[in-house]
Amino acid sequence: RKLKVGVVGATGMVGQTFMNILAERDFPIAELRPFASENSLGKKIELQGQQWPVQILKDGCFDGLDLVFFSSGDDISKEWAPKAVQAGAFAVDNSAAFRMDPETVLVVPEVNGHLVTKDSRPQVIANPNCSTIQLVVALKPLAEKFGLEEVRVSTYQAVSGAGQGGHDELIEQTSNHTSQNHQAKTFPHTILFNCIPQIGSFNDEGYCSEEVKIMKETRKILGQKDLKVSAFTVRIPALNAHSESVWVTLNKEVSREEMIKALGDFEGIVLQDEPKKSVYPLARDVSGKDPVYVGRVHRDPENPKMWLMWVVSDNIRKGAALNGIQIAEKIFFS
Ligand code: 2RA
């Protein structure tokens, strides 16, 4: 069966990657309806040898579609995703608008893919935050096999997480690296030669919104309401792919062999763990790849149930567009 697919935010980084992945996977497309702002009217998006004109959102624009992927911010999703569902389509939403809504499923196919099946009815399905997706993929085999007591994570997030503007800002600052007067527009400070311990806005407890997303979404996806999760998120001058150092406390003591086997056998994880040969996942290598890469797996010397690991994944692919396409594949082709 070939599908009629809409993409809202078609000209953004995630939207474009969505098209590339549809093409790579030979996703069966009967019609593509790319939506973007008025500035993009007149542009065409090429997919599988055909050109599809960019449209703007208007009443009736989703009629006849099977699936609409949203990657255009919370406000657009809040208003338009329910309209896509009313029109009979599945709305896979990459914004934060519905993620914590108790009525909405928040899905990473390898982790809680049972929540969507070929018998699911059209509905909004939330795609988690990028830094959450790679974390829960790495945690799932440990949760399943050994049980989780506590998770702590510190992130090193690439500028592409802030979209094309973030990417362009780092490139521009890099080409003028001797300048003392960088204009920080997308980020709160100059990102070049820097690390910024803020992604999003702060709450009164001192957490920024990216950290709150990781903590809440991880509990929801793993189905562990009371799991202790604490996150500290940092923007670094990597172009693409987020890295995370993770401390995970298991419910029981396990051997290193058991840890490595659990991680290495899990669908969606690739282990790169030969630290003495300087082999571990690196953002530069992982950018453009699909899996979640895990390395530096070692035990805490004080607490035998606590393990440390390094988790890297392409935030635009598995962290956004690819995860959305895997959700669609689960609904329509599993
Ligand atoms: C970031 N997590 O990296 C965000 C994007 N969703 O800024």
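Scope of this entry: the structure provided in the associated data block. Keep in mind that what you see is a predicted model, and the values were worked out from it rather than measured. (Residues numbered from 1 in each chain as written. Predicted model: local features only at pLDDT ≥ 70, side-chain atom pairs only at ≥ 80, totals over all residues. Heavy atoms only, no water.)

## Looking at the overall build of the chain
Put simply, the rule reads: Numbered from the N terminus, helices here are DSSP runs of H or I no shorter than four residues, and strands are runs of E no shorter than two. Here the globule rule reads 2.2 Å times residues to the power 0.38, and the radius of gyration is calculated from C-alpha atoms. Each residue gets one of three labels from its accessible area relative to the maximum for its type: buried under 20%, exposed over 50%, partly exposed in between, using a 1.4 Å probe on protein chains only. In what follows, a contact means two residues having at least one pair of non-hydrogen atoms within 4.5 Å.
Counting its secondary structure elements, the chain contains nine helices and 14 strands. The globule rule puts the C-alpha radius of gyration for 334 residues at 20 Å, and the 20 Å found for the chain is close to it. If you line up the chain on its principal axes, its C-alpha atoms span 60 × 55 × 40 Å. Burial statistics for the chain: of 334 residues in total, 51% are counted as buried. For the chain, long-range pairs separated by at least 24 residues make up 67% of all intrachain contacts whose partners lie at least 6 apart in sequence.

## Considerations on the site of the ligand
As a reminder, the rule being used: What makes a residue near a molecule or strand is one non-hydrogen atom of that residue sitting within 4 Å of it. Polar contact is the term for a pair of N or O atoms within 3.5 Å; when the atoms are in protein, one must be able to donate a hydrogen and the other to accept it, and sequence-neighboring residues count only if both atoms are side-chain atoms. Computed with the Shrake-Rupley method and a 1.4 Å probe, the accessible areas treat only the protein chains shown as cover for residues. In this analysis a 1.4 Å probe is tested at points of a 1 Å grid over the protein atoms alone, and where it fits but cannot get out there is a cavity; an open set with protein on both sides within 12 Å along at least five of seven lines is a pocket; lining residues have an atom within 4 Å of a point. Whether a molecule sits in a cavity or pocket is decided by its atoms, more than half of which must lie within 2 Å of the grid points.
Near the ligand you find Asn129, Cys130, Gln157, Gly161, Ile199, Glu210, Arg235 and His242, and these make up its full shell. Arg235 is positioned with one of its side-chain polar atoms (N or O) 2.5 Å from an oxygen atom of the ligand. At 3.1 Å, a side-chain N or O of His242 approaches an oxygen atom of the ligand. Compared with its free state, where it exposes 240 Å², the ligand has 79% of that area covered by protein. Because more than half of its atoms lie within 2 Å of the grid, the ligand is assigned to the largest pocket.

## A few points about the sheet that holds strand β12 (residues 269-271)
Just so we agree on the cut-off: Paired strands, in this sense, are two strands between which DSSP finds at least two bridges. Lines fitted to C-alpha atoms define the axes, with helix axes restricted to the stretch in contact, and inter-axis angles between N-to-C directions lie between 0 and 180 degrees.
Sheet architecture is open: six strands sit in the order β10-β9-β11-β14-β13-β12, paired in mixed fashion. The strands lining the two open edges of the sheet, one partner per strand, are β10 (228-235) and β12. Ignoring strand direction, the axes of neighbouring strands in this sheet form an average angle of 25°. Where strand β11 (residues 242-250) and strand β14 (residues 306-313) come together, eight bridges link them in antiparallel fashion. Note that in β14 the partner of Trp247 across the bridge is Leu308. Against the sheet, helix α4 (residues 130-146) contacts β9 (148-157), β11, β12, β13 (292-299) and β14, and its axis sits at roughly 25° relative to β11.

## Points about the pattern of salt bridges
We apply this condition: In what follows, salt bridge is the name for a side-chain nitrogen of Lys or Arg lying within 4 Å of a carboxyl oxygen of Asp or Glu.
Under the criterion given, the structure shown has 15 salt bridges. Where Lys83 meets Glu79, a salt bridge forms, and the shortest distance between an N and an O atom there is 4.0 Å. With a gap of four residues between them, Lys83 and Glu79 both fall in helix α2 (residues 74-86), about one helical turn apart. One salt bridge in this structure joins Asp265 and Lys261, with 2.5 Å as the shortest N-O distance.

## Observations concerning the packing of α4 against helix α6 (residues 209-222)
Which entries qualify depends on this criterion: Oblique is the label for any angle not covered by the other classes, which are roughly parallel (under 35 degrees), roughly antiparallel (over 145) and roughly perpendicular (65 to 115). For any helix crossing, the convention is left-handed if the near helix is rotated counterclockwise from the far helix by under a right angle, and right-handed if that rotation is clockwise. Residue polarity follows a fixed list, in which Ala, Val, Leu, Ile, Met, Phe, Trp, Tyr, Cys and Pro are nonpolar, Asp, Glu, Lys and Arg are charged, and the others, Gly among them, are polar.
Contact pair α4 / α6: the axes reach a minimum separation of 9 Å and the direction vectors enclose 40°. When the axis of α4 is compared with that of α6, the two are oblique. Between α4 and α6 lies a crossing whose hand is right-handed. Along the contact surface, α4 presents Cys130, Ser131, Thr132, Leu135, Val136, Leu139 and Lys140, while α6 presents Glu210, Lys213, Ile214, Glu217, Thr218, Ile221 and Leu222. Its residues placed into classes, the contact of α4 with α6 shows seven nonpolar, three polar and four charged.

## Focus on the layout of surface pockets
The criterion, for reference: Grid points are joined across faces, edges and corners, and a volume is the space filled by probe spheres set on the points.
In this structure, the largest pocket occupies an estimated 800 Å³ of space. Residue lining of the largest pocket: 37 residues in total, with Asn94, Ser160, Gly161, Ala162 and Gly163 positioned closest to the centre. For the lining of the largest pocket, the secondary structure elements donating two or more residues are α1 (13-24), α6 and α9 (317-333). Looking at the lining of the largest pocket residue by residue, the class counts come to 11 nonpolar, 21 polar and five charged.

## Overview of the sheet that holds strand β8 (residues 124-126)
On the basis of which strands lie adjacent, the open sheet formed by six strands has the order β2-β1-β5-β6-β8-β7 and parallel pairing. For this open sheet the edge positions go to β2 (29-35) and β7 (105-106), each flanked by a neighbour on one side alone. As paired strands, strand β1 (residues 3-8) and strand β5 (residues 67-70) are joined by four bridges and run parallel to one another. Within β5, the position partnered with Val5 by the bridge is Leu67. Packed on one face of the sheet, α2 meets β1, β5, β6 (90-93) and β8 and runs near 175° to β5. Lying over the sheet, α9 contacts β1, β5, β6 and β8, oriented at roughly 160° with respect to β5.

## Some points on the environment of Val136
Tracing the sequence through the fold places Val136 in helix α4. For Val136, a relative accessible area of 0% translates into the label buried. For the pair formed by Val136 and Glu217, sequence separation is 81 residues and the distance between their alpha carbons is 9.1 Å. Excluding residues within four positions of it along the chain, Val136 makes contact with Val108, Val111, Thr218, Ile221 and Leu222.

## Re the nonpolar core
As a reminder of what qualifies: For this analysis, a nonpolar core means a set of buried residues of the types Ala, Val, Leu, Ile, Met, Phe, Trp, Tyr and Cys, connected via side-chain atoms within 4.5 Å.
Core analysis: the largest hydrophobic core is formed by 37 residues, its most contacted members being Leu142, Val248 and Met309. Within the residue set of this core, elements represented by two or more residues are α4, β9, α6, β10, β11, α7 (256-265), β13 and β14. Considering each element in turn, this core owes the most residues, eight residues, to α4. If near-sequence neighbours (up to four positions away) are discounted, Met309 is found in contact with Ala138, Leu139, Leu142, Glu244, Ser245, Val246, Val248, Leu263, Val294, Gly295, Arg296 and Val297. If you look at the next biggest cluster of nonpolar residues, it comprises 35 residues, including Val7, Trp52, Ala320 and Ala321.

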